[in-house]
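Read off the chains here:
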Amino acid sequence: MTRVFPEGFVWGSATASYQIEGGATEDGRGPSIWDTYSHTPGRTLNGDTGDVAADHYHRWAEDLGHIAELGLAAYRFSISWPRVQPGGCGAFNRAGLDFYSRLVDGLLERGVRPVATMYHWDLPQELEDAGGWPARDTALRFRDYAAGIVEALGDRVHTWTTFNEPWCSAYLGYGSGVHAPGRAEPAGALAAVHHLNLAHGLAGRVVRELAPAAELSVTLNLHVVRPASGSAADADAVRRIDALANRAFLGPLLDGAYPADLLADTAKVTDWSFVHDGDERTIAVPLDVLGVNYYSTTLVRAWDGVSARSDNDGHGSSAHTPWIGADDVDFLPQPGPYTAMGWNIEPAGLTELLLRLHREHPGLPLMITENGAAFDDVVTPDGRVHDDRRLDYLYRHVDAVGAAMDAGADVRGYFVWSLLDNFEWAWGYDRRFGIIRVDYDTQERIWKDSAHWYRGLATTGRLEPPAPA
Ligand code: GBH
């Protein structure tokens, strides 16, 4: 079936600074927690680092050409905090700000809407040394950083997104430790949740003041959590994971308060005294649009304490759980098919998620700020990449977005993750999410079949089923 998206629906693609830029020590950039982490033996697959990545720091103009040729209406990128403010506080680095200023101007010249994320995981190392996100001061430093970049780029940026997936920063960075800075401190992870939320509120107010014409958003990786059975115990496991994964952010952001059940569930870990009077009001700065990243679903059951556990919950190589205070919840494998990340492919979960948000927060515009898939791509002798499975994944998820819109969800746009193959965090360069292939020996960019297909979608707004292979 052909699906026609409304005029003005925004088609874009997304990247993140540490994953594509390289230029890790150039023009005054300071170290981030991901430089430290990736250079620590054993932390990333094959010891890969973002030192060079897709060399976007030098090839940005070529990459702008690809964005324009794809016919995209918007480009979502992130600003590297240590590139523009190397120590995380004090002086800004002119050369770093100029890089993003050129990028924004280049997008505007090509008629592409700049969507800037302030923080996609690359905290200046000096701030981590001072305590990182478990420390309240980091949120205050973030406000000053936000003021510096909004002053420099201001209204030229169409949408300011404060954070990308604070869930990952808090729980993977400080809970399970499979992301930088690699700490496993349950109470610290919950403090990080709060300080990330607080930093969002503080920075949001800066955007309102300094760039009143810009839109304000935050991007969350919300979880679609399903129970293994109809039992009351499994329903309670869903409730608890939903609290940690979703409502720990949606609550303060949209309802002005942390959910009472979250505080009760985690009372053994912390008393939440890091939440000061007035913080929840600060966090609830009105949003213009909520960014939603979606990849897969989560299946849970209450663990009976006896049977073997599946533990399919993103522990990775870590012995520590990201699910603070929920050690007795078991994460079950799902039926597949899977992407190269081992994530279950389930487009209906995206429709379900969008309709939940529509139901619980009517009137809040939504944007899919990431969706995409890693597969093992093969380059044919004539230099093509027939990435049928990625193309099919994208087709079915865009269709799922359309289905949610048919049912009333106010979705404004869709950004494919990712424009380019890039540094996939703990998985290094082994996992490829790009619609454009990067040859890491030559830095040559090659359009995969999915890129050709996406250009058709972006330029017509018509979603056609992929031609059978
Ligand atoms: C996004 O994170 C990132 O924003 C982006 O930088 C990254 O390249 C892209 O996705 C692809 O990975 O722990 O049980 O929830 C994805 C967030 C968090 C989704 C961990 C899958 C694993 C299962 N991911 N989650 S669980």
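If you're wondering where the values come from, they're calculated on a predicted model, not measured in any experiment.

## A few points about unusual backbone geometry
Cis geometry marks the peptide bond from Ala180 to Pro181, where omega comes out at 5 degrees. Structurally, the position occupied by Pro181 is in the loop between helix H8 (166-176) and helix H9 (186-210). Positioned with a positive phi, Asp27 is a non-glycine residue whose angle comes to about 50 degrees. Tracing the backbone shows Asp27 in the loop between helix H1 (17-20) and helix H2 (33-38). Even without being glycine, Asp55 reaches a positive phi, approximately 55 degrees. On the secondary structure map, Asp55 appears in the loop between H2 and helix H3 (56-69).

## Concerning the UniProt feature "active site" (unreviewed entry) in the chain
Per the UniProt record, "active site" (unreviewed entry) is found at Glu165 and Glu370. Their sequence span is 206 residues, while the largest C-alpha to C-alpha distance among them is just 10.4 Å; these annotated residues converge on one region. For Glu165, the location among the structural elements is in the loop between strand S5 (159-164) and H8. The contact partners of Glu165, leaving out residues within four places of it in the chain, are Trp121, Thr219, Leu220, Asn221, Asn293, Tyr295 and Glu370. Relative to the helices and strands, Glu370 is located in strand S11 (residues 366-370). Judged by relative accessible area, which is 4%, Glu370 ranks as buried. What Glu370 contacts, discounting residues up to four positions off in sequence, is Ala14, Arg76, His120, Asn164, Glu165, Val292, Asn293, Tyr294, Tyr295, Phe415 and Trp417.

## Comments concerning the pattern of salt bridges
Oppositely charged side chains can form a pair if their charged atoms are brought close together. Within the structure shown, the criterion is met by 35 salt bridges. Across the pair Lys448 and Asp377 runs a salt bridge whose closest N-O atoms are separated by 2.6 Å. Of this pair, Lys448 sits in the loop between strand S14 (444-447) and helix H15 (449-460) while Asp377 sits in the loop between S11 and helix H14 (388-406); the two residues are 71 residues apart in sequence, bridging distant segments of the chain. Since its relative accessible area comes to 0%, Lys448 is described here as buried. Close ionic contact of Asp430 with Arg431 constitutes a salt bridge, the shortest N to O distance being 2.4 Å.

Cut-offs applied
Residues numbered from 1 in each chain as written. Predicted model: local features only at pLDDT ≥ 70, side-chain atom pairs only at ≥ 80, totals over all residues. Heavy atoms only, no water. Helix = DSSP H or I, 4+ residues; strand = E, 2+ residues; numbered from the N terminus. UniProt positions renumbered as here; feature names shortened; annotations may be inferred. Contact = heavy atoms within 4.5 Å. Buried < 20%, exposed > 50% of the residue type's maximum accessible area, 1.4 Å probe, protein only. Salt bridge = Lys/Arg side-chain N within 4 Å of Asp/Glu carboxyl O.

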